[in-house]
Every structure is written in structure tokens, then in C-alpha cells.
Amino acid sequence: MSSDDEDIPELINEENNNDSDSDDEEKWIEINEDNDSVNIRCLFCSSEFPSIENSFEHLQNVHQFNLVEYKTKFSMDFYSYIKMINFIRCNNNTDQNKLLSSDNKPLWLDEKYMKPANDSYDPWLSYDFDELKIIENRNNDDDEKSNLLKIIQDLQEQMKNKDHFLEQISNDMTMMKESYKRLLEKEPEIQQRNNNKSSKNSLENGVGSLNIDDDNSYFESYSHFSIHHTMLSDKVRTESYKEAILKNPSAFKDKEVLDIGSGTGILSLFASQAGAKNVYAVDQSDIIYHAMEIAQINNVSNIKFLKGRLEDIEMPFKKVDVIISEWMGYFLFFEGMLDSVIYGRKNYLKENGLILPNRCTVSIVGYGSQERYNNFIKFFDNVYGYNMKCVVKDILKEAHVEKCTDEFVLTKPNMISDINIYTCDLNYSNFTYDFSLEVLKDGEMNSICGYFDTFFDLPDQNVFFSTSPAATQTHWHQTLFYFDEPKQVKKGEICYGYNMKCVVKDILKEAHVEKCTDEFVLTKPNMISDINIYTCDLNYSNFTYDFSLEVLKDGEMNSICGYFDTFFDLPDQNVFFSTSPAATQTHWHQTLFYFDEPKQVKKGEIITGKFICQRDRNDLRSLKIELRIFDKTFKYDLN
């Protein structure tokens, strides 16, 4: 393998998570490295062509198969395209009519078709499917044929202007060489791996014992970019890890490191920068594919990526020197991810190895924000003239994650749990503590505020951060446990508590629900949908609208803001409310569709574009949005 090959990040375990990274055992799929020419084999016959445009013409003329039409009809994305190509290759399909079921549904949707059909490189898998333009209008057969012909001609013209196309395919071949994995294993090897897995220290009551299908929603929540933006933007969190890793080079130099729940790979990148020999980044969420790209873009070659739950996959190493993980949840214990760190410690950490962080404590203080208590708990005493106090008893059963300030802290803290990550077991979150709180000032206590502190006790320099109300706020905030009635307390008093128990290129693809203000609105509004509830049908959310926006003032436009208005047209008196940024805020807020780059606009300018809204066929409660503006096309998910 050349030095250039080693720069490509790896997903070193295959889909069934049975691959090994051993130099003696791993046999990578070898891809033809002759980059001088690339022959593109037809999808349905043995014909070969020197270019993609020739292949398109052949498919259209000989097989009456049009990829543009399929993309439009089935709302295909890049992953669906990959599955279709592999489905055709796996089944040696020679008939385009056999791609669909009897009820006209695609047969290639199974996840197994994310794997290539064979060892040889297939140029179809390198084609930038997102560049293929969909058909916008289908008024009749003549229009459809005309549109298809125009699109094909446009595509041919694009291809002719791309002199570097073959060179790009060659580069893609190199990248895919490192992404392709051995698809089949010999039976003895599989049996040996299963035997090895069964010999691991299992944690029967840990989160790893959950059925992966039951646990999948947890990992899917980490596939959304907003949660990673929130965590990475938390400077206290991220900079504490950075400082702990980079200011302790002796702990990482030439060491083997395991990153549990690696997400975007930021901790792995820090470990690599600190001099680690190899970093093994493990994550079940699909965010790992973006982490691989991030490592490649930043020329980091010593991070090995493994997709799956730590408890389910076979590792390509026996032991590591260091385990790093950002496992902490709200009130420290929420999510139970420490279970996986304990599993990693028991099975993969060398004797006297390091864990970051290696100690955490949980503390409580008495808290008394009257405004918050009245707006939340007392709110239900009178809701638009109705008594809703009956819901409060259930509200009090829930802990509430909120941003608390030192201003309303009424007592000294009391640490109720001190966890040593080197020695704790799965009972870390099961405890009882009799606490006492010394009152610092007179006030009305209406809740207990809980928070945690995190410690990195390391050879060169110790690092610490707190989520206390007195510290810089983090994305964990604090956790409030409300009382049913406030309690007057006096300075110097001791408040006792008994039996306190504790039991356990892509972010732009998402639409973001945010609170917007009229101050930053740059254009007049344009209504894009008017729904009459008396007459609308199930296509109410499927529409296309050509909009125009008149600019009201000079500024830098970075997004489109969407909102809705609601009307009650009634016999005696009409009622109306708006969720516009100019109106009183509601819990719906507004929906922002961000651009990749801001655009300078001038007062009086007219901005035109197209807004396409479609219901997600795979999740009927979610939407697929396409926005065409400033000569660009943006696609968003709203779910």
C-alpha cells in the first residue's frame, strides 16, 4: 500500500462488524490501479464505453432506461443510487423492468445493497449522482420527452466541459480502495471471532445488552448535525478535552487510543495531534461517515473508524493505552453511556492504562428562582381562565433541564456522588444519599438544583470543569427538581434531606427551528401556500412555488425564514394569529433554511427563487424541502 493510500481514513469494520485490522489477517480488496483508462460497463449488458455520457446514451437508446426519470420518480438520493447500482450488479440484471416489484416499488432499498457486488471497481459508484437534475414538470408525454431530451443534452454538455473527469474517477478509485472491505469471511474465521466475542466480559445489565433495534433511536438522534453543533460549540466541554489531551503529551505519545462514541471525531483528532500512534474511533451513528471525511480533509491518517456499538463489534486490537470518551449526559447519568466506557475498560484497557475523564462528582444546591417557578409551576393555576393545577403533580415527577444562575442559589453545595471511572461498576447510578444544605441567605426555596463536575487527573497537567450554576454555562445546563410548594429558608439554617435516590458540506441539509426577530428581516414576505381546511386533500404539503422577495434594506442574507399564519373565520368574530418574526413569539418559533454562503442584497432588489415542498415518503410526518435561489439549489430535511 502506497503512502498516499495511508492518508485515506478507514472504516475498518465491515457492516456485520466482524473485520479485523491485523496486518497479518486483513486482506483488502485490491482495485485495478491502472488509471490510464476507465471502461464503463453497461448496467444491463456487456457493452463498455469510455465515458459516462456515452453510457447514458446507450442506456436510453438500447435499453430505454433513463436514470433521470428514475431519480425523479422515486426521489432518489446518493445512497439510493448506490443501492440500485449494487442491486443490478448483485443480481446480474439484464432487464431494467426487473428493478421494480409487481406494485411498482423499488427492489433495491435493502441496506445490504450498500455493499459492492464484487471485488472489482465499478465506475458507476463514483458518479456524482447529486448533479443529475430531476424533472420538474410532467404535463403530458410530449413535455416529458422534451424535458428528458433537454436534460440529457445538458448533461452531455456538462461532461464535455469537464476535461478532468477521468482524472477525478482515478482519484475516486484510490479513495474507494480504502473504503471497500472484504465482503466474505471463511467460516472458521467467523467461528473464531464469535468465540472471541463470547469470551469478553459481558455486562448483562448494561446498555449494550439492549437489542440493537430497540436502541437504534438513541443512535439516530446523534445522526443529526444540530446536536453535534451544540456540543462542539460548548467551549467549556470541548476546550477542556483539548487541554487535557494536548497538555499531556506523555500520556498520548506513540500510544494506542480508543475513542468511545466518537461522533464527529473531534477527540480523536486531538489525540492524533497529541502524538498517538493509532486512534480507534467507534460510533454506531451515521455521523461516523462524516467523521471519516473530516479526517481525510485534515490529512489525519492514523484514525481507524469502526461503525457499531462497542459491545457488538470485534476490535482489531487486543488492548489500548488510553480510553477517551465524552459520555456525560444531563445530571451526569442520563443516557447511561458510562456503561460502554466500563465495558471498554474491562475488555480493552491495558493494566495501568488511562481513562479521560477519570473522575466525576454530582452535587446539589437549594435553588429559588421565583419568576421561573411562577411562570412554570404556578402557570397552571390559571390558563386562559381555566384551572389546570391537576397536571402539576405529574410535572413534579419529572426532572427539568434548565439554565440556572448563581443569583438564585440559596445554599452551599453538597456532593452526593463521587465516581472513580477506573473502579466503578454498573451500579454507579443507583445510590441513596442523606444530604444537608447550609442556607447562605434568606429566601424562598422552590427546588433542588443538580449539576456535575468532571476531572482529568493526568501525568503532566490536571484539567477540571464544572456545570455548576456559578460556572460558565455548558450545553448540559443544570437539572431542577421542583417542590410542590416553596419553602421559606433563613440564613444559617440547615436543610436536611433523606433517601434522595437516583436511578437510571452537510449541516445545511437540515431545517432549523429557531426564534427569529423582526430586526433581521430583510425582505417583504411572500405567501407560498394557502390551505383551505374545508377543501384541501392529502397533497397539502406537496407543492412548488415560484417566489419573489422585495428587499427592504441593505444587508447580508444568509437564510430564508419560514412561518405560518392561522385563521378562525367564524360567524360572530374572526380570530387570527401569526408566527411571523414580527409577531409575538410562539412555541412554534420560525423555521430557517440556511445558505452555504451569505448573499449581499440591496434595498429595492427583487430576489426570485423556487420553493419545493414534499412529504418524506419514508416518514410521513417529516418533510423534504428544496430551495432554489441565487443560482443554487439547497435541500433540507425537516423532521
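- Taking an unreviewed UniProt entry as the reference, the protein chain is identified by name as type I protein arginine methyltransferase belonging to Polypedilum vanderplanki.
- According to the UniProt record, the Subcellular location (unreviewed entry) comment for the protein chain is "Cytoplasm, Cytosol".

A look at empty space enclosed by the protein
Next, step 1: Considered as a void within the structure, the largest cavity measures approximately 70 Å³ in volume.
Next, step 2: Taken together, Phe56, Leu59, Gln60, Phe65, Asn66, Leu67, Val68, Ile152 and Leu155 make up the full set of residues lining the largest cavity.
Next, step 3: The set of elements that each furnish at least two residues to the lining of the largest cavity consists of helix H1 (52-63), helix H2 (67-73) and helix H4 (141-160).
Next, step 4: Element by element, the count of residues in the lining of the largest cavity is highest for H1, at three residues.
Next, step 5: Residues belonging to the lining of the largest cavity are distributed by class as follows: seven nonpolar, two polar and no charged.

Focus: the confidence of the model for the protein chain
Should pLDDT be low for a region, the predicted coordinates there are not to be read in detail.
Next, step 1: Per-residue pLDDT for the protein chain has a mean of 82; in total, 79% of the residues score no lower than 70.
Next, step 2: In the predicted structure, residues 180-199 sits below a pLDDT of 50 and forms 36 contacts with residues beyond four places in sequence or in another chain.
Next, step 3: Segment residues 499-504 is flagged for pLDDT under 50; beyond a separation of four residues in sequence, or across chains, it makes 21 contacts in the model.

What about a nonpolar patch on the surface?
Next, step 1: Where nonpolar side chains cluster on the molecular surface, the patch consists of Tyr384, Tyr386, Met388 and Val391 and spans about 480 Å² of accessible area.
Next, step 2: Following the sequence through the fold, tyrosine 386 ends up in the loop between helix H13 (370-376) and helix H14 (392-395).

Concerning the sheet that holds strand E24 (residues 623-629)
Next, step 1: Here four strands make up an open sheet; going across it, the order is E18-E23-E24-E25 and the pairing antiparallel. Because the sheet does not close on itself, it has two edges, and the strands there are strand E18 (543-550) and strand E25 (632-638). Strand-to-strand, the axes of this sheet are offset by a mean angle of 20 degrees, without reference to chain direction.
Next, step 2: The pairing of E24 with E25 spans seven bridges and is classified as antiparallel. Bridge assignment links arginine 628 to a residue of E25, and that residue is threonine 633.

A few points about the packing of helix H9 (residues 235-246) against helix H10 (residues 266-273)
Next, step 1: At their nearest, the axes of H9 and H10 sit 9 Å apart, and the two run at 25 degrees to each other. The orientation of H9 relative to H10 falls into the category roughly parallel. Seen from above, H9 lies across H10 with right-handed handedness. Here Thr238, Tyr241, Lys242, Ile245 and Leu246 of H9 come into contact with H10, specifically with Ile266, Leu267, Phe270, Ala271 and Gln273.
Next, step 2: Residue classes in the contact of H9 with H10 are distributed as seven nonpolar, two polar and one charged.

Considerations on the sheet that holds strand E17 (residues 512-514)
Next, step 1: Pairing is antiparallel across the open sheet formed by three strands, whose spatial order is E17-E22-E19. If you trace the sheet from one side to the other, it starts and ends with E17 and strand E19 (555-562), each paired once. The sheet shows a mean angle of 50 degrees between the axes of neighbouring strands, direction not considered.
Next, step 2: By the bridge criterion, seven bridges tie E19 to strand E22 (residues 590-601) in an arrangement that is antiparallel. Looking at E22, one finds that glutamate 556 is bridged to glutamine 600.

A few points about the pattern of salt bridges
Next, step 1: Summed over all chains, the structure comprises 17 salt bridges.
Next, step 2: Across the pair lysine 307 and aspartate 286 runs a salt bridge, and its minimum N-O distance is 3.4 Å. Taken as a pair, lysine 307 in strand E6 (residues 303-307) and aspartate 286 in the loop between strand E5 (278-283) and helix H11 (287-297) lie far apart in primary sequence, 21 residues in all.
Next, step 3: What makes aspartate 286 partly exposed here is its relative accessible area of 40%.
Next, step 4: A salt bridge links lysine 378 to glutamate 485; the nearest nitrogen and oxygen atoms lie 3.7 Å apart. Of this pair, lysine 378 sits in the loop between H13 and H14 while glutamate 485 sits in strand E15 (residues 478-489), and the two are 107 residues apart along the sequence.
Next, step 5: For lysine 378, a relative accessible area of 29% corresponds to the partly exposed category.
Next, step 6: Exposure remark for glutamate 485: the relative accessible area of 47% places this residue in the partly exposed category.

A word on the nonpolar core
Next, step 1: Counting residues in each nonpolar core, the largest one holds 75 residues, and the members touching the most others are Phe252, Leu258 and Leu356.
Next, step 2: Residue contacts for phenylalanine 252: discarding those within four places in its chain leaves Ala244, Ile245, Val257, Ala271, Ala274, Gly275, Ala276, Lys277, Val322, Ile324 and Leu356.
Next, step 3: The next biggest cluster of nonpolar side chains, apart from the first, holds 32 residues, and it includes Leu43, Phe56, Tyr127 and Leu132.

Concerning the packing of aromatic side chains
Next, step 1: For the coordinates displayed, the defined rule picks out 34 aromatic pairs.
Next, step 2: On the basis of an interplanar angle of 80 degrees and a centroid distance of 5.0 Å, the ring pair of tyrosine 241 and phenylalanine 456 is categorised as edge-to-face. Of this pair, tyrosine 241 sits in helix H9 while phenylalanine 456 sits in strand E13 (residues 443-456), and the two are 215 residues apart along the sequence.
Next, step 3: Pairwise contacts between aromatic rings join Phe543, Phe593, Phe595, Phe611, Phe630, Phe634 and Tyr636 into one cluster.
Next, step 4: Over the aromatic face of phenylalanine 455 sits the side chain of arginine 359, whose NZ or CZ is 4.3 Å from the ring centroid.
Next, step 5: Here arginine 372 stacks its cationic end above the ring of phenylalanine 376, 4.7 Å away from the centre of that ring.

Things to note about unusual backbone geometry
Next, step 1: With an omega of -10 degrees, the peptide bond running from leucine 356 to proline 357 counts as cis.
Next, step 2: By the secondary structure assignment, proline 357 is in the loop between strand E8 (349-356) and strand E9 (359-367).
Next, step 3: Of note, the phi angle at serine 75 is positive, near 50 degrees, even though the residue is not glycine.
Next, step 4: Mapped onto the fold, serine 75 is located in the loop between H2 and helix H3 (78-90).

Observations regarding helix H12 (residues 338-348)
Next, step 1: Across the eleven residues that make up H12, a large majority, ten, are buried.
Next, step 2: Buried-residue contacts for H12 involve strand E4 (256-260), strand E7 (320-325), E8 and strand E11 (414-420).

Here's the deal with H1
Next, step 1: Here H1 spans 15 Å end to end across twelve residues, near enough to the 16 Å set by a 1.5 Å rise per residue.
Next, step 2: Within H1, the full set of buried residues consists of Ile52, Glu53, Ser55, Phe56, His58, Leu59 and His63.
Next, step 3: In the segment just after H1, glutamine 64 is the residue with positive phi, at about 50 degrees.

What counts and how
Residues numbered from 1 in each chain as written. Predicted model: local features only at pLDDT ≥ 70, side-chain atom pairs only at ≥ 80, totals over all residues. Heavy atoms only, no water. UniProt positions renumbered as here; feature names shortened; annotations may be inferred. 1 Å grid on protein atoms, 1.4 Å probe; cavity = no way out; pocket = protein on both sides within 12 Å on 5 of 7 lines; lining within 4 Å. Points joined across faces, edges and corners; volume = space filled by probe spheres on them. Helix = DSSP H or I, 4+ residues; strand = E, 2+ residues; numbered from the N terminus. Nonpolar A, V, L, I, M, F, W, Y, C, P; charged D, E, K, R; others polar. pLDDT = per-residue confidence, 0-100. Contact = heavy atoms within 4.5 Å. Patch = residues over 30% accessible without salt bridge, like charges linked within 9 Å, V, L, I, M, F, W, Y side chains within 5 Å. Areas by Shrake-Rupley, 256 points an atom, 1.4 Å probe, with all protein chains shown as cover. Salt bridge = Lys/Arg side-chain N within 4 Å of Asp/Glu carboxyl O. Pairing = 2+ DSSP bridges. Axes fitted to C-alpha atoms, helices over the stretch in contact; angles between N-to-C directions. Parallel < 35°, antiparallel > 145°, perpendicular 65-115°, else oblique. Left-handed = near helix turned anticlockwise from the far one by under 90°. Buried < 20%, exposed > 50% of the residue type's maximum accessible area, 1.4 Å probe, protein only. Core = buried A, V, L, I, M, F, W, Y, C linked by side-chain atoms within 4.5 Å. Phe/Tyr/Trp six-rings, centres within 6.5 Å; stacked < 30°, edge-to-face > 60°. Lys NZ or Arg CZ within 6 Å of the ring centre and 35° of its normal. Expected span 1.5 Å × (residues − 1).

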